[in-house]
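# Close look at the chain arrangement
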2 protein chains.
Amino acid sequence: MPRVTHQPPDQGPGQAPTLDEVARLAGVSRATASRAINGGNRVSQSAQTAVAEAVRTLGYSPNPAARSLVTRRTDSVALVVPEPDERVFSDPFFVHTLRAVNRVLAARDLQLVLLLARPEDESRMLRYLGERHIDGAIVVSHHQNDRLAEHLAALGLPCAFVGRPWTGEDRVAYVDTDNEAGSRAATELLISRGRRVIGHVAGPDDMTAAADRRAGWRSAVTTAGLRDDLVACGDFTEIGGEEATRALLAQCEEIDGLVVASDLMAVGVVRVLEAAGRRVPDDVAVVGYDDLGVAERITPPLTTIRQPIGDMAEQAARMLLDQIDERRAPRAVRVVFPPTVVERAST
Amino acid sequence: MPRVTHQPPDQGPGQAPTLDEVARLAGVSRATASRAINGGNRVSQSAQTAVAEAVRTLGYSPNPAARSLVTRRTDSVALVVPEPDERVFSDPFFVHTLRAVNRVLAARDLQLVLLLARPEDESRMLRYLGERHIDGAIVVSHHQNDRLAEHLAALGLPCAFVGRPWTGEDRVAYVDTDNEAGSRAATELLISRGRRVIGHVAGPDDMTAAADRRAGWRSAVTTAGLRDDLVACGDFTEIGGEEATRALLAQCEEIDGLVVASDLMAVGVVRVLEAAGRRVPDDVAVVGYDDLGVAERITPPLTTIRQPIGDMAEQAARMLLDQIDERRAPRAVRVVFPPTVVERAST
DNA sequence: CAGATTGATGGAAGCGCTCTCACGCCGACA
DNA sequence: TGTCGGCGTGAGAGCGCTTCCATCAATCTG
């Protein structure tokens, strides 16, 4: 049983001061006070300082509800993550995205509201978005079934996706990397190194990035006349990588190369390979995907495909701001970044 | 260079429907429509259904700004984390807290707004809290210098802290575990196992949990007449645990027991110990703190002090809701949970 | 059956703010 | 000296909603 202790309550300050009181104290009208507070256009120097003074002595801060009732802006933006909490907090991908987005928004003094929606909360989240608590949304790690692109497009809510949505891709703005090209390059690198039995550890079936990377691998092995049936699905976690690798090794012992759809999974892949007595890269060469720090920290340092997550997220944030600023901006902009091969010791 | 493609903009729906239109369509007054929508007290069955019908056909959803302008509630609550993003996303402590808080809030249909404030953003964050965008705040992982308890108490904003604040502890509500007792128990366990040179890997100096745990260890070793100078500070991360352990080993080779202020650090501790050729627990016994899953997953499974994070966070959320519900509720409630020793293989 | 109670309703006030608009003042220009 | 343009200003409307209050009909009480 926890111990509980009480104390008499604090005396909270009574009513928050309103613009009216500020105006009265400054000896100007409410209109002038409002102008002075919002950038001071068309306000005399004297009025300006008088208002500033009044604001300070009263400890005034504008009521955001009243303000947004008339401006129809809320000055906050949602980062929508339709993903169970656990994964969000273990994948560096999210941290990088979050930081980049936050950087752009903070520069404009916009507040970031993090919306984590587990599948069962999805309707609640959609309702929240529909109620216009926020000026726009950035969507990350969306899945085939959430149909977020269509929902948001239908709401007419400014939004930008990181990663191409499955459906509705012609109705919303998004940034992406060319996942198919990246994965193809990874596979071709292995082929050029003489590998001939190349498997693929794919990501979740319901994400476009995973599907595109799988397609890139398949295209490369098919073109080279190699086996194209050595695929196992992970879930973008280390554990998922481990399980997929075990399945692949059980399916075919001769595997000498693995193209893995994320670095985090590759960590698990390497662990299982070594536990199975295969040396990396001598017996099996491994290429990851992402290059967000994990890749260079593990042993052996991982050859991987870098996607510029920070740039992508920043770009998405800016695309969102464009939409918010001028409601006539083209909605369905798409920006595709090129992936880069980063060679390290695992190939 | 990224590729960029445009598409003609979507045709967003014009103006969102207002309560007025709903009322007109339902053939009732705005007042009745409002009552019908908000729980339907004192509304006839026929009016009720007419309004519901109108809401559905119009796709109406109430404007939150207008609503909170008059109700003076925003139906959202902030989770304040004065911590650089990286740590938040690597420590299971946060994930557990977040989930528990979210669970309580979701049941009441309150929205959780995550406020990550790096030190340089602190004033921005305080301003945001002062502007009453939210009905209350739950504060986690606060530090000596942020003085959040005092700031929030001064604002008169309902709030609840997870972990005792450094200052202002008599002005705000908080939950905590008895960290000193927990750490003392951990140390006494080692002593009872015959360990005689017991070091402490402490947490950051500016957090009460770390200070209390250090005090608990010191109290136990002093009482037993053992050395009390074997302390090194980590930062609650694996890396921090590694560095602290190296420092301790350099300071004294005879260490045969380590009390570590968090499981995450203990992971690093064990790693360094084994790299230095010490077996756990044969040469050095190790006790962690938290028991959030990491402890049982590592080798050897970690003896640790469990704190019921989920319960604590839930309790904090409920304390916050109490304050929000009745503004006269006692502000400075405190609830202290007892820690539990969980023995595994590391001692 | 008169009077009191209850329940459903709409009118209207007002939450705190922004912004349009009209007004008065000033210096500039002819 | 008369007119004009621009600037600073305040009055006032109105954003979309909740809620107080008066009203009225229906029901209950003695």
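Quick note: structure is the one above.
First, a word on what this report is: a plain description of the structure on this page. Residue numbering note: each chain is counted from 1, following its sequence as written. Chain letters start at A and ligand numbers start at 1, both assigned in the order the entries are written. Residues qualify for local features only when their pLDDT is at least 70, as the model is predicted, and side-chain atom pairs are given and counted only at 80 or more; totals for whole chains, interfaces and linings, by contrast, use all residues. Here the side-chain values reflect all heavy atoms present in the structure, with hydrogen atoms and water set aside.

Another aspect to go through is the protein's contact with DNA strand C. The full set close to DNA strand C counts 28 residues, and Leu19 and Tyr60 of chain A together with Thr32, Arg35 and Arg72 of chain B are the nearest of them. Within 4 Å of the protein, the atoms of DNA strand C are drawn from sugar and phosphate moieties in a proportion of 64%. Polar contact is the term for a pair of N or O atoms within 3.5 Å; when the atoms are in protein, one must be able to donate a hydrogen and the other to accept it, and sequence-neighboring residues count only if both atoms are side-chain atoms. One of the side-chain N or O atoms of Arg30 of chain A is found 3.0 Å from a base nitrogen in DNA strand C. Interatomic distance of 3.1 Å between a side-chain N/O atom of Asn38 of chain A and a phosphate oxygen of DNA strand C. In DSSP terms, a helix is any run of H or I states spanning at least four residues, a strand is any run of E spanning at least two, and both are numbered starting from the N terminus. Among the elements of the structure, helix 2 (30–37) and helix 4 (64–71) of chain A together with helix 2 (30–37) and helix 4 (64–71) of chain B are those that each provide at least two residues to the surface near DNA strand C. Ranked by the residues each element gives to the surface near DNA strand C, the list is headed by helix 4 of chain A, at 5 residues. For this purpose, a residue is taken to be near a molecule or strand whenever a single non-hydrogen atom of the residue falls within 4 Å of it.

Residues and elements named next belong to chain B. Here His142 shows up in the loop between strand 4 (136–140) and helix 8 (148–155). Using a 1.4 Å probe on the protein chains alone, a residue whose accessible area is under 20% of its type maximum counts as buried, one over 50% counts as exposed, and one in between counts as partly exposed. Exposure remark for His142: the relative accessible area of 5% places this residue in the buried category. Of the polar contacts made by the side chain of His142, one reaches the backbone oxygen of Val162; its length is 3.1 Å. A distance of 2.8 Å separates a polar atom in the side chain of His142 from the backbone oxygen of Gly163. With residues near it in sequence (within four places) discarded, His142 still touches Pro82, Phe161, Val162, Gly163, Arg164, Pro165, Asp206 and Met207. Only heavy atoms matter for contacts: two residues are in contact if any of them lie within 4.5 Å across the pair.

All names here are of chain A. Burial runs high along strand 7 (residues 198–202): 5 of the 5 residues are buried. What you see with strand 7 is no split at all: Ile198, His200 and Ala202 on one side and Gly199 and Val201 on the other are buried throughout. Strand pairing follows a simple DSSP-based rule, namely that at least 2 bridges must link the two strands. Sheet topology note: the strand 7/strand 9 (residues 257–260) ladder contains 4 bridges and is parallel. The residue of strand 9 that forms the bridge with Ile198 is Gly257.

All names here are of chain A. Its location among the elements puts Asp263 in helix 12 (residues 263–275). Taking the C-alpha atoms as reference points, Asp263 and Glu238, 25 residues apart in sequence, are found 8.6 Å from one another. Sequence-distant contacts of Asp263, that is, excluding residues within four places in its chain, are made with Gly288, Tyr289, Asp290, Asp291, Leu292, Val294, Ala295, Leu302 and Thr304. For Asp263, the side chain forms a polar contact with the main-chain nitrogen of Tyr289, separated by 2.8 Å.

On to the sheet that holds strand 13 (residues 340–342) of chain A. All names here are of chain A. In space, the 6 strands of this open sheet follow the order 8-7-9-10-11-13, with mixed pairing throughout. Sheet topology places strand 8 (231–233) and strand 13 at the edges, where each strand pairs with a single neighbour. Within the sheet, the average angular offset between the axes of one strand and its neighbour, ignoring direction, is 20°. Summarising the sheet, strand 9 and strand 10 (residues 285–290) pair through 3 bridges and their orientation is parallel. Note that in strand 10 the partner of Val259 across the bridge is Val287. Lines fitted to the C-alpha atoms define the axes, with helices restricted to the stretch that makes contact. Angles between their N-to-C directions range from 0 to 180 degrees. On top of the sheet, helix 10 (residues 208–223) reaches strand 7, strand 8, strand 9 and strand 10; it is set at about 170° to strand 7, its chief contact. Along the sheet face, helix 12 touches strand 7, strand 9, strand 10 and strand 11 (303–306) and points at about 160° away from the line of strand 10.

A word on helix 14 (residues 309–325) of chain A. Residues and elements named next belong to chain A. The terminal C-alpha atoms of helix 14 lie 24 Å apart, and with 17 residues this matches the ideal 24 Å at 1.5 Å per residue to within 8%. Among the residues making up helix 14, those that are buried are Ile309, Met312, Ala313, Glu314, Ala316, Ala317, Met319, Leu320, Leu321, Gln323 and Ile324. Tucked into the core, helix 14 has its buried residues touching strand 2 (76–81), helix 6 (92–107), strand 4 (136–140), strand 5 (159–162), strand 6 (173–177) and strand 12 (334–337). What a helix should span is 1.5 Å times the count of its residues minus one.

All names here are of chain A. If you check helix 11 (residues 238–251), its first and last C-alpha atoms are 20 Å apart, about what 14 residues at 1.5 Å a residue would give, namely 20 Å. Here helix 11 has its buried residues at Gly240, Gly241, Glu242, Ala244, Thr245, Leu248 and Leu249. In this fold, the buried residues of helix 11 make contact with strand 7, strand 8, strand 9 and helix 12.

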